[in-house]
Amino acid sequence: MIKQAFFQGKNKKRRYFEGWYFKCISADRKHAIAIIPGMAIDPQGQKHAFIQVINAVSGKTWYHHFPYSQFNARSDKFDLQIENNGFNDQGLSLNVVTAEGSIKGRLTFNNIHPFPSGRKNPGIMGPFGIIPFMECYHAIIHLYHEIAGVIELDGEIHDFNGGVGYIEKDYGRSFPKTYLWLQASHFETRNASFVFSRANIPFLGLEFPGFFAYFTDFNGISRRFATYNHSRLVKWKVDQAKGTCAGELEGPDGVLTFKARMDGGGRLRAPVDGLMDREIIESITAEVWVRLADQRGMVLFESSSSEAGMEICLDEGVVAKK
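The rules behind these values
Residues numbered from 1 in each chain as written. Predicted model: local features only at pLDDT ≥ 70, side-chain atom pairs only at ≥ 80, totals over all residues. Heavy atoms only, no water. Helix = DSSP H or I, 4+ residues; strand = E, 2+ residues; numbered from the N terminus. Rg over C-alpha atoms; globule rule 2.2 N^0.38 Å. Buried < 20%, exposed > 50% of the residue type's maximum accessible area, 1.4 Å probe, protein only. Contact = heavy atoms within 4.5 Å. Areas by Shrake-Rupley, 256 points an atom, 1.4 Å probe, with all protein chains shown as cover. Lys, Arg positive; Asp, Glu negative; His and termini not counted. Charge placed at Lys NZ, Arg CZ, Asp CG, Glu CD. Disulfide = S-S within 2.5 Å. pLDDT = per-residue confidence, 0-100. Phe/Tyr/Trp six-rings, centres within 6.5 Å; stacked < 30°, edge-to-face > 60°. Core = buried A, V, L, I, M, F, W, Y, C linked by side-chain atoms within 4.5 Å. Salt bridge = Lys/Arg side-chain N within 4 Å of Asp/Glu carboxyl O.

1. Some words on the overall build of the protein chain
What the protein chain contains, in helices and strands, is 0 helices and 23 strands. Compactness check: the protein chain gives a C-alpha radius of gyration of 18 Å against a globular reference of 20 Å for 322 residues, within 12% of the reference. Along the first, second and third principal axes, the C-alpha set of the protein chain runs to 55 × 50 × 40 Å. Counting across all 322 residues of the protein chain, residues that qualify as buried make up 55%. Taking all contacts inside the protein chain whose residues are at least 6 apart in sequence as the whole, residues at least 24 apart take part in 57%. Of the accessible surface of the protein chain, which amounts to about 13900 Å², a share of 48% is contributed by carbon and sulfur atoms. The average position of the 37 basic charges and that of the 35 acidic charges among the side chains of the protein chain differ by 5 Å.

2. A few points about the state of the cysteines
If you walk through the whole model with that rule in mind, you get 0 disulfides. You can see cysteine 136 has no disulfide; the closest cysteine sulfur is in cysteine 313, sitting 12 Å from it. Just so you know, cysteine 245 is unpaired, no disulfide at all, and the nearest cysteine sulfur is the one on cysteine 313, 14 Å from it.

3. Topic: the confidence of the model for the protein chain
Summarising the model, the protein chain shows a mean pLDDT of 93, and 97% of its residues fall at 70 or more. For residues 317-322, every residue scores under 50 in pLDDT, and the model assigns this stretch 41 contacts once sequence neighbours within four places are set aside.

4. Remarks on the environment of proline 43
With respect to the helices, strands and loops of the structure, proline 43 is situated in the loop between strand 2 (32-41) and strand 3 (47-55). The exposure class assigned to proline 43 is buried, which follows from its relative accessible area of 16%. When residues no more than four places from it in sequence are discounted, the contact partners of proline 43 are Arg14, Arg15, Asp273 and Leu275.

5. Regarding the packing of aromatic side chains
In the structure shown here, the tally under the stated rule is 20 aromatic pairs. Judged by centre distance (6.5 Å) and plane angle (35 degrees), the ring pair of phenylalanine 7 and tryptophan 20 falls under tilted. Placement of phenylalanine 7 in the segment before strand 1 (16-25) and of tryptophan 20 in strand 1 is noted, with a sequence separation of 13 residues between them. Among the residues examined, phenylalanine 7 registers a relative accessible area of 8% and is labelled buried. Between the aromatic rings of phenylalanine 196 and tryptophan 236, the centroid separation amounts to 5.5 Å while the plane-to-plane angle is 45 degrees, which identifies the pairing as tilted. Of this pair, phenylalanine 196 sits in strand 14 (residues 193-203) while tryptophan 236 sits in strand 17 (residues 232-239), and the two are 40 residues apart along the sequence. For phenylalanine 196, a relative accessible area of 0% translates into the label buried.

6. Observations concerning the nonpolar core
Membership of the largest hydrophobic core comes to 73 residues, with the highest contact counts inside it found for Phe22, Ile35, Phe71, Phe78 and Leu92. With 9 residues, the top contributor of residues to this core is strand 10 (residues 136-153). In this view, phenylalanine 22 contacts Ile33, Ala34, Ile35, Pro37, Phe78, Phe87, Asn88, Leu92, Phe109, Tyr166 and Ile167; residues no more than four positions away in its chain are not counted. With 26 residues, the next largest nonpolar core counts Phe194, Phe196, Leu249 and Phe258 among its residues.

7. Topic: the pattern of salt bridges
Tallying each qualifying case throughout the model produces 10 salt bridges. For lysine 169, the salt bridge goes to glutamate 18, with nearest N and O atoms at 2.5 Å. Here lysine 169 is found in strand 12 (residues 163-172), whereas its partner glutamate 18 is found in strand 1, with 151 residues between them in sequence. When sorted by exposure, lysine 169 lands in the same class as glutamate 18, which is buried.

Printed below as a string of structure tokens:
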């Protein structure tokens, strides 16, 4: 079984990227940042490493560029180093000082809830996650974890003690041309995690719409809705200009309804054939409302989050990501 959190790009020569996404929200919700370490190889085989950062409150972003010789990631465990910076499933340490700015500090993770995976369910992409030659692979690593530690971002202290976080990753050639992505793990009523994505997926010269969603309250309620498990996206509305979407999913275990609205954002770089030159507008302060009901219509969960991640891309240009 593929361990998607591990480094997958050891033998890649060109047109490839790999990035890990660490979302961090403080206990008082005054600070929200995303840290994205990764690597990329362009069509000519030129390699580099990077650490991207976004401050959700200000919308400011940083792209710290590193020589590929400073990138070291293991293919037998989730562990990567970029110069003096380290990332794994237990935490991260940062000591970045470049012309772009600085970010320093250490965060440790506890009360970790990894994404459940096994032979029957190898990952959030299901069987598509093990098919070779897909344009982009997506993996959820931590649905939820608690954070201890402090980050200093351009001289400003961000206290994440008692905060919560989430980890995912993408790897392959390019991000999908058109897609939407939502993720929330800081709900008002109780701890829960929700993720949804819909994309037009190129495969063997054709293209088809695919989606997945996963919800858990970490207390016995877990539901998966996906193209590959006979679920249906029965209602769907998205408006990139307004930064809104709404959907309803029907699956073997019930009905999941959601709506979301973007709020603010900053520009990040995204891969096209390994070139990190596509712009993405990202924020992690979107508002998301989720309701989960069983097959009889009984509501199992209903709540909102104002610290959600969201991306909308309906064309090949600028993407909105929160």
